[in-house]
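A look at the structure
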Amino acid sequence: MALEWTAGARTRREELEALQTRLRNDYRYRLSFERRSGADPVLDFLLRDRSGHCEYFASAMALLARSLGI
């Protein structure tokens, strides 16, 4: 996912900006949402529901960046 989102980025900064832009544009900030029981909450946020509060956005950003070696 991170590789797809950052395709074309030439620097680490551009990679981070691409991740941030994708999260900003394709995901919604909401305080009220439901997670599937037994599912990893961050994966559920990224792959299914695409809505959550600040902890989900921060966790997703950190995990996506780490998957790129940042």
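Cut-offs and rules
Residues numbered from 1 in each chain as written. Predicted model: local features only at pLDDT ≥ 70, side-chain atom pairs only at ≥ 80, totals over all residues. Heavy atoms only, no water. Helix = DSSP H or I, 4+ residues; strand = E, 2+ residues; numbered from the N terminus. Rg over C-alpha atoms; globule rule 2.2 N^0.38 Å. Buried < 20%, exposed > 50% of the residue type's maximum accessible area, 1.4 Å probe, protein only. Contact = heavy atoms within 4.5 Å. Areas by Shrake-Rupley, 256 points an atom, 1.4 Å probe, with all protein chains shown as cover. Lys, Arg positive; Asp, Glu negative; His and termini not counted. Charge placed at Lys NZ, Arg CZ, Asp CG, Glu CD. Salt bridge = Lys/Arg side-chain N within 4 Å of Asp/Glu carboxyl O. Axes fitted to C-alpha atoms, helices over the stretch in contact; angles between N-to-C directions. Parallel < 35°, antiparallel > 145°, perpendicular 65-115°, else oblique. Nonpolar A, V, L, I, M, F, W, Y, C, P; charged D, E, K, R; others polar.

Bringing the overall build of the chain into the picture now. Counting its regular elements, the chain contains four helices and two strands. Reading the chain from its N terminus to its C terminus gives the helix and strand order α-α-β-α-β-α. Computed over the C-alpha atoms, the radius of gyration of the chain is 12 Å, within 12% of the 11 Å expected from 2.2 N^0.38 for a compact globule of 70 residues. Oriented by its inertia axes, the alpha-carbon framework of the chain measures out at about 40 × 20 × 15 Å. Across the 70 residues that make up the chain, the buried fraction comes to 30%. In the chain, the proportion of contacts linking residues at least 24 apart, taken out of those at least 6 apart, comes to 38%. For the chain, the accessible surface area stands at approximately 4800 Å², while carbon and sulfur atoms represent 50% of it. Separation of charge centres in the chain, based on 12 positive and 10 negative side chains, amounts to 2 Å.

Residues other than glycine seldom take positive phi values, yet Arg 50 does so here, at roughly 55°. Assessed through its relative accessible area of 36%, Arg 50 is described here as partly exposed.

Time to look at the pattern of salt bridges. Evaluated as defined, the whole model comprises eight salt bridges. The salt bridge involving Arg 35 is made with Asp 44; its shortest N-O contact spans 3.4 Å. Here Asp 44 ties to Arg 48 by a salt bridge, and the two come within 2.6 Å at their closest N and O atoms. One end of the pair, Asp 44, and the other, Arg 48, are both in helix α3 (residues 41-49), four residues apart, so they sit about a helical turn from each other. Owing to a relative accessible area of 38%, Arg 48 belongs among the partly exposed residues under this scheme. Linked by salt bridges that have partners in common, Arg 35, Arg 36, Asp 44, Arg 48 and Asp 49 make up one network.

Turning to the packing of α3 against helix α4 (residues 54-67), a few remarks are in order. Where α3 contacts α4, the two axes come as close as 10 Å, and the packing angle between them is 90°. Put simply, α3 runs roughly perpendicular to α4. Across the interface between the two elements, Pro 41, Val 42, Phe 45 and Leu 46 of α3 pack against Tyr 56, Phe 57, Ser 59, Ala 60, Leu 63 and Leu 64 of α4. Partitioned by chemical class, the residues of the contact of α3 with α4 number nine nonpolar, one polar and no charged.

Without other data, these values stay purely geometric and don't point to any function.
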